[in-house]
Amino acid sequence: MWALVFRTLKFRKTGFIATFLAMFLGAAIVMGCGGLLETGIRMAAPPQRLAAAPIVVTGRQEHDGTALSERNRIDAGLVDTVRSVPGVKRAVPDVSFPATVLTGGKPVAGSSGSAGHNWDSAQLTPYALKQGAAPARSGEIVLDSALAARSKASVGTSVELTAHGSTGTYTVSGIADRKGGGSADPAVFFTGAEALRLAATGGKIDSIGVLPAPGTGVAALGKAVEAKVAGGASVLTGERRGLAELPGTLASQKTVTILASIFGSWAILIVMFGVASTLGLSLQQRQHEMALLRAIGTTSRQVRRMILGETAVLSVLATALAILPGRYLGELLYSQLTGHGVVSDAVAFRQGWVPVAVGAVAAVAAALGATLFAGRRAARTKPIAALAESTTQSRWFTLPRLLLALFFFANGIILSIVTATVMEDGPSLASTAGPASVLFAIGLALLAPGITKGIVTALRLPVRLLTGLSGELALHNAATRNVRMAGAVAPIILLIGIATGTLYMQSTEDHVSARSYAKNVLADYVVDSSAGGFGPRVADEIRGLPGVAGASELVSSDGQIDKNGGEDIALRGVFAADADKTLAVSPVAGSLDGLQGNTVALSDKQAKKFGVGVGDTLPVRLGDGTRTEPKVVALFPDNPKQQYLLLPSAVLAPHTTAGLPEQILVRADADADRGALRAKLDEVAAARPGAEVAGRATLTSQNNQIQQILVSANYTIVAMIVGYAAITVINALVAVTRQRNREFGLQRLTGATRGQVIGMLSVEGGLVAVIGTVLGTIAAATTIVPYSLVKNGTPMPEGSIGIYLAIIGGALVLIFGATLVPSWRGMRTPPIETVTKPA
């Protein structure tokens, strides 16, 4: 039997190429999405500056399973606790904060990401002195050699640097080299006391590097340290140590895993359908061959074994070859996330055996399932009946097919209803809206032969009137070979349904988000800091400028309302007196003037939801895990697209990683000279290293950063899936067209010209396009309508009609290209040779 399998593969190479490509590309896509999911779950971050410490103790970066968005610092007294653990040679405290070296009052090139540290922590990298000595006084620093070269500093010279909103002059006491190579941000080292002062953390430290005594096992010591700190901190070992250097990174874990899960599940569904449909079409085209095998005495079991053997060989080869491309696809997806700031590029991409196995199983399962489903009739039918059926169109409608189609329809409709009626506006909305179109499209594809026949019947009269003889031939073929035409229509439905639904979902998100944010922000300018933030006097200075109606610091963070099970929410720190001048938060109850000290303002809808009013306290968990109960002093109108709590900037900023406001919103007077005001703001920014002024357009473009930076990743994944669907379309159409070469030869022998045959195929292609577009659009509506209702209160999506036209145009190119090109090439062979050529 295996000899027959390999001979079949050898002599039917063209027929098997389409099946092989479907398996290969499908497995690669699933493996890529699986690698992205594994990366999100593992969050492996090889250490950079703490590379010499095999154990790192740092603040817990999650609370009750929710990742914290800001660094949770630990008490300095924990150093002695860790040091007392048997087997610990040294416990070294680490403090990190933005520190930018200046030349002529401007940041040195490449130093905007530099950080200040206590000198003791240099051994954790390790750094070693190249010149000079360690800092001994508060006015001395050690520069790493790269930063010293850029600033042209040497031992004994003085340099200016800015840290925590203030600028000072320091003497370079030494220059240090990073040992062992590797990459890290430029570093500036201070004495321990000066580092704590500049970090302004209230005496708390970021982490503790643990250096074991000789002969002490890291794993055992890590457990001992963890037992000693008793849950008061996280103990990191191995490839997760780098998370101590990346505060807030765990908050991106949810984004990565949700994204990978959503698109991974889509990919598995689409790949299984694509592989099954391609292989099913291939087996349908071999009915005559299998009928002959049955007629010469081959048993049903032998036919099944032959088909399964062919599929097994193709599956193993395709999935094995897909492993390397699958990793490259995963890395491509991950590069989109790191390149746009969704997650730090210090987090390493990881793809183990599990994603590979899942991709292989998905492709193999789809292929074997399709083999058993499509090959069973040829294997079971009696030989004489099999020969007769191979020359006629097979029966497509079966009870299992109907039940399977109803299953996909039901699930697609359920997801649409859940999206429209149960889901709230948020990142998880796409997890129910997106798959609806995929499921519904598969259901339509399963019933495509019957639907195709009905639509063709409805279009018979207009097609006859418009296309003449070519149309008559096309209609005859479509009516008598509706199963064959449905094989071309099915992947078009999937292509148009997925592309239209996903792209308009993203377009709606972009438009609604931008419009909502623009409505919420009243400021005309924003002053940004890339050097650690602004001190309190900067905003006061801006408020005193002529033409300024209001100026407020803006501190952005994320936290949780710690009531009724908790709810994640954005936190905004503002200046009370000018908050309603820069943001659309005019109070409907209470007064924002009372936003001083431990107080909060929230929307009226949120207040009602959590049962609080002006004068009550609201339990809030801040971004660094601190729990507080601020007093409610004001309620403002709810904006469902911009949900946040307002707190005093002076209260919120110390609980962020930066520790200072990094933005100042500025509102101009209605009659202000905008040019003069902009010039004054530029002067204020020029006096603050790393500060710059941007207009309203730049401010609004920064809105909803996590959504905006996901756009590129979304489009990349969608492009992969749509590309796979497009290849399925090409495979199906080319296979169907090549199978009809004998038919085309007979038509030409009976008097039809090459142009008339091409005309007939063009009409057939037009019918495929119309049917695929109608059904694909219906499938897309199951995603677009409920998503738009939740996002925008209307069933119509936001976005240009050009998106839809481009999708339809792309489908038309695929349809006519994959139909007419192989047909034209095939008709270059004399028709008598085509007719007499064995099938």
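Just above, that's the structure.
Source: prediction; values computed, not measured.

Brief notes about unusual backbone geometry
At the junction of T125 and P126, the peptide bond is cis and its omega measures out at 0 degrees in the coordinates. Although it is not a glycine, K152 sits at a positive phi angle of roughly 55 degrees. Tracing the backbone through its elements, the reader meets K152 in the loop between helix 4 (145-151) and strand 10 (158-163). Given the relative accessible area of 76%, K152 is considered exposed.

A closer look at the packing of helix 14 (residues 448-480) against helix 15 (residues 482-520)
Helix 15 packs onto helix 14 with a crossing angle of 100 degrees between their chain directions and a minimal axis gap of 9 Å. Comparing their axes, helix 15 and helix 14 come out roughly perpendicular. Where helix 14 abuts helix 15, its residues A448, P449, G450, T452, K453, V456, N477, A478, A479 and T480 lie against N482, V483, R484, M485, A486 and V489. A class-by-class count of the residues in the contact of helix 14 with helix 15 yields 9 nonpolar, 5 polar and 2 charged.

Overview of the packing of aromatic side chains
Under the counting rule described, the total for this entry stands at 8 aromatic pairs. Measuring from ring centre to ring centre gives 5.1 Å for Y127 and F189, while their planes differ by 70 degrees; the resulting arrangement is edge-to-face. Placement of Y127 in strand 8 (residues 127-132) and of F189 in strand 12 (residues 187-190) is noted, with a sequence separation of 62 residues between them. For the pair Y127 and F189, one class covers both residues: buried. Residues Y334 and F349 carry aromatic rings whose centres are separated by 6.0 Å and whose planes lie at 45 degrees to one another, so their mutual orientation is tilted. With Y334 in helix 9 (residues 300-339) and F349 in the loop between helix 9 and helix 10 (353-380), this residue pair connects regions lying 15 residues apart in the sequence. The same class applies to Y334 as to F349, namely buried.

Analysis parameters
Residues numbered from 1 in each chain as written. Predicted model: local features only at pLDDT ≥ 70, side-chain atom pairs only at ≥ 80, totals over all residues. Heavy atoms only, no water. Helix = DSSP H or I, 4+ residues; strand = E, 2+ residues; numbered from the N terminus. Buried < 20%, exposed > 50% of the residue type's maximum accessible area, 1.4 Å probe, protein only. Axes fitted to C-alpha atoms, helices over the stretch in contact; angles between N-to-C directions. Parallel < 35°, antiparallel > 145°, perpendicular 65-115°, else oblique. Contact = heavy atoms within 4.5 Å. Nonpolar A, V, L, I, M, F, W, Y, C, P; charged D, E, K, R; others polar. Phe/Tyr/Trp six-rings, centres within 6.5 Å; stacked < 30°, edge-to-face > 60°.

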